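Tertiary structure, described
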Amino acid sequence: MENNSKKITSEALQGSLRDYRAFTGTDIIHRTDGFFDWQEIRRASDLWPYAKSTATAPKTHCEAKNDDGSLVKGVNFASQDYLSLSSHPDVKEAAIEAIKEYGVHSAGSAALLGNTRHSLALEKRISEFLYDRETVLYPTGWSAGYAAIQGFVRPDDHVVLDILAHSCLQEGARASTRNIHFHGHLNLRALERRLQKIRAVDKDNGILIVTESLFSMHSDTPDIGSIRALCDEYEATLLVDCAHDFGSMGDDGRGHMGLQNVLQDVDIIIGSFSKTFASNGGFISVKDRATAEYLKYYSATQTFSNALSPVQAATVLTALNIVDSAEGTARRRKLMDNILYMRAEMGKVGLETLGDPSAIVPVRVGAEGLARIASRDLSNLGAIANLVEYPAVPQGGARFRVQVMSDHSFADVDELVQLMLKAMRSGEKEYLMLCDQHPSLIKSRFGNTVDADASVRNAA
């Protein structure tokens, strides 16, 4: 890759998406111009790392284009395809056969005429895989997370969420009630204090406790059994979003809920097909048909969206059959081998990985300005990995969110580690030089950053 020659301005190293989330003024359209101006400042310095598009299949090596059209080519650790099923021959063949049979569109809501034999079979198959629950399908994982709260919670009820709960869960809560309570990340004592305060003043209305089985920005997991015990004590309902570990973790593919032996203890399970199952879409699984039937007609994103296309449903069904097979077990073991090897090799060269072993390996960078330069350099060197910065993670806690696939080789991992180290070192050198020129920039070396949990302490 050619070296970048664009001049970096101090403005391109500052600011965040949060600065443009809330604004005032009567002109609803043009009051958004400030965000575009900020984007253009970053683009002019070649520091806008988002909105890439793949030019080839998202395999372990691929070609992609930046949003300015420039080509990026190299080892790929930026795609959500944990078991490498998106190009699996059986999955592709299932999609082709579904198109031959049905065409490409469901052409209706599942509440009317949108289901196909593939979607009905998929609902049944997921229900069986989750030990005879009842399952409802959704067009995206995001819509399933939103619907699981919006479909059940009413204005007088309470929703208690981990402070790092996904956007879809937070937005579902906001759409349902004003009684929203956050607690510190994975902080059981803080969760119990929230429940005590709620039940001290409200003994009549429902409480929904919301968590995730794997938090994707930190790669950590809650003690679900202990949360279940609190639910029982305070008459609360438990919702778990298993988007990132369902199918890809545990010998049986049931993720952390299976590993912790708590599948039967969770009232509402949300899952996504976009991480392991080679398609878009999502699901909600509950314990009885009456609850599932209610969701079909009272969760807006199911009732008022077209159903999964026959192609999506057939793809996911085939992927699930692979997940629940000897091949799936072998792929999960290979994936975990890659994960453990990567975390070990990162540590050997002084790069800090966060959280626990999963297909997501967060690699700490530090200051946002440094991370933007390192991300540019990594791309120029021939490696693709996603940069995550504030407000998606705490300020000063920018990181690469490396996403590992089962088809990666140890050689792929070695390549990424060496290129990432090189990008971090060159990025730090350039960033410190810019800090000397522009004292307003925060000087922060990678590895010497703001505590990743500092921003959530007030929620404890």
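Below you will find a few notes about this structure. (Residues numbered from 1 in each chain as written. Predicted model: local features only at pLDDT ≥ 70, side-chain atom pairs only at ≥ 80, totals over all residues. Heavy atoms only, no water.)

1. Re the packing of helix 2 (residues 89-102) against helix 11 (residues 310-323)
For the pair helix 2 and helix 11, the least separation of the axes is 8 Å and the interaxial angle reads 150 degrees. Considering their axes alone, helix 2 and helix 11 lie roughly antiparallel with respect to each other. Our pair here, helix 2 against helix 11, has a crossing hand that is right-handed. Each of D90, V91, A94, A95, A98, I99 and Y102 in helix 2 lies in contact with helix 11, whose residues at this interface are P310, V311, A314, T315, T318, A319 and I322. Here the contact of helix 2 with helix 11 is composed, by residue class, of 11 nonpolar, 2 polar and 1 charged. (Axes fitted to C-alpha atoms, helices over the stretch in contact; angles between N-to-C directions. Helix = DSSP H or I, 4+ residues; strand = E, 2+ residues; numbered from the N terminus. Parallel < 35°, antiparallel > 145°, perpendicular 65-115°, else oblique. Left-handed = near helix turned anticlockwise from the far one by under 90°. Contact = heavy atoms within 4.5 Å. Nonpolar A, V, L, I, M, F, W, Y, C, P; charged D, E, K, R; others polar.)

2. Things to note about the pairing of strand 9 (residues 268-272)
Most of strand 9 is tucked away: 5 of the 5 residues are buried. What you see with strand 9 is no split at all: I268, I270 and S272 on one side and I269 and G271 on the other are buried throughout. Bridge analysis of strand 8 (residues 237-241) against strand 9 gives 3 bridges, and the strand direction is parallel. If you follow D241 over to strand 9, its bridge partner there is I270. Here strand 9 pairs with strand 10 (residues 282-286) via 4 bridges, running antiparallel. Residue pairing across strands places S272 opposite G282, the latter belonging to strand 10. (Buried < 20%, exposed > 50% of the residue type's maximum accessible area, 1.4 Å probe, protein only. Pairing = 2+ DSSP bridges.)

3. Overview of the packing of aromatic side chains
Overall, the coordinates contain 14 aromatic pairs when judged by the stated rule. When the centroid spacing of 6.2 Å and the interplanar angle of 45 degrees are considered together, the rings of F35 and W38 count as tilted. In this pair, F35 and W38 are both assigned in helix 1 (residues 33-44), 3 residues apart and thus about one turn of the helix distant. The class for W38 is buried, based on a relative accessible area of 5%. An angle of 15 degrees between the planes, with centres 5.6 Å apart, marks the rings of W142 and Y146 as stacked. Of this pair, W142 and Y146 both sit in helix 4 (residues 141-150), 4 residues apart, which is roughly one turn of that helix. Under the relative-accessibility criterion, Y146 is labelled buried at 19%. Chaining the aromatic ring pairs together yields one cluster made of Y20, F35, W38, W48 and Y50. A cation sits over an aromatic face here: R254 above F129, 4.0 Å from the ring centre. (Phe/Tyr/Trp six-rings, centres within 6.5 Å; stacked < 30°, edge-to-face > 60°. Lys NZ or Arg CZ within 6 Å of the ring centre and 35° of its normal.)

4. Some details on the environment of P357
The residue P357 is located in the loop between helix 12 (326-348) and strand 11 (360-366) in this model. Classification of P357 as partly exposed rests on a relative accessible area of 32%. Put simply, P357 and E368 are 11 residues apart on the chain and 25 Å apart in space, counted from C-alpha to C-alpha. Once residues within four sequence positions are removed from consideration, P357 is found in contact with S219, M249, M336, I339, L340 and R343.

5. Side note on the sheet that holds strand 11
Whenever strands of a sheet pair, they do so through backbone hydrogen bonds, lying parallel or antiparallel. The strand order 11-14-13 describes an open sheet built from 3 strands, whose pairing is antiparallel. Every interior strand has two partners, whereas the edge strands, strand 11 and strand 13 (386-388), have only one. Strand-to-strand twist across the sheet, computed as the mean angle between neighbouring axes with direction ignored, equals 30 degrees. Both strand 11 and strand 14 (residues 398-403) contribute to a ladder of 6 bridges, which runs antiparallel. From the neighbouring strand, P362 faces strand 14, where its bridge partner is R401. Lying on the sheet, helix 13 (residues 368-381) is in contact with strand 11, strand 13 and strand 14; it crosses strand 14 at an angle near 35 degrees.

6. Regarding the pattern of salt bridges
Overall, the coordinates contain 22 salt bridges when judged by the stated rule. Across the pair R372 and E389 runs a salt bridge whose closest N-O atoms are separated by 2.5 Å. Of this pair, R372 sits in helix 13 while E389 sits in the loop between strand 13 and strand 14, placing them 17 residues apart in sequence. Just as R372 is buried, E389 falls in that class too. Where E430 meets R376, a salt bridge forms, and the shortest distance between an N and an O atom there is 2.7 Å. A residue pair is termed long-range when its members are at least 10 positions apart, and E430 in helix 14 (residues 410-437) and R376 in helix 13 qualify at 54 residues. What makes R376 buried here is its relative accessible area of 8%. (Salt bridge = Lys/Arg side-chain N within 4 Å of Asp/Glu carboxyl O.)

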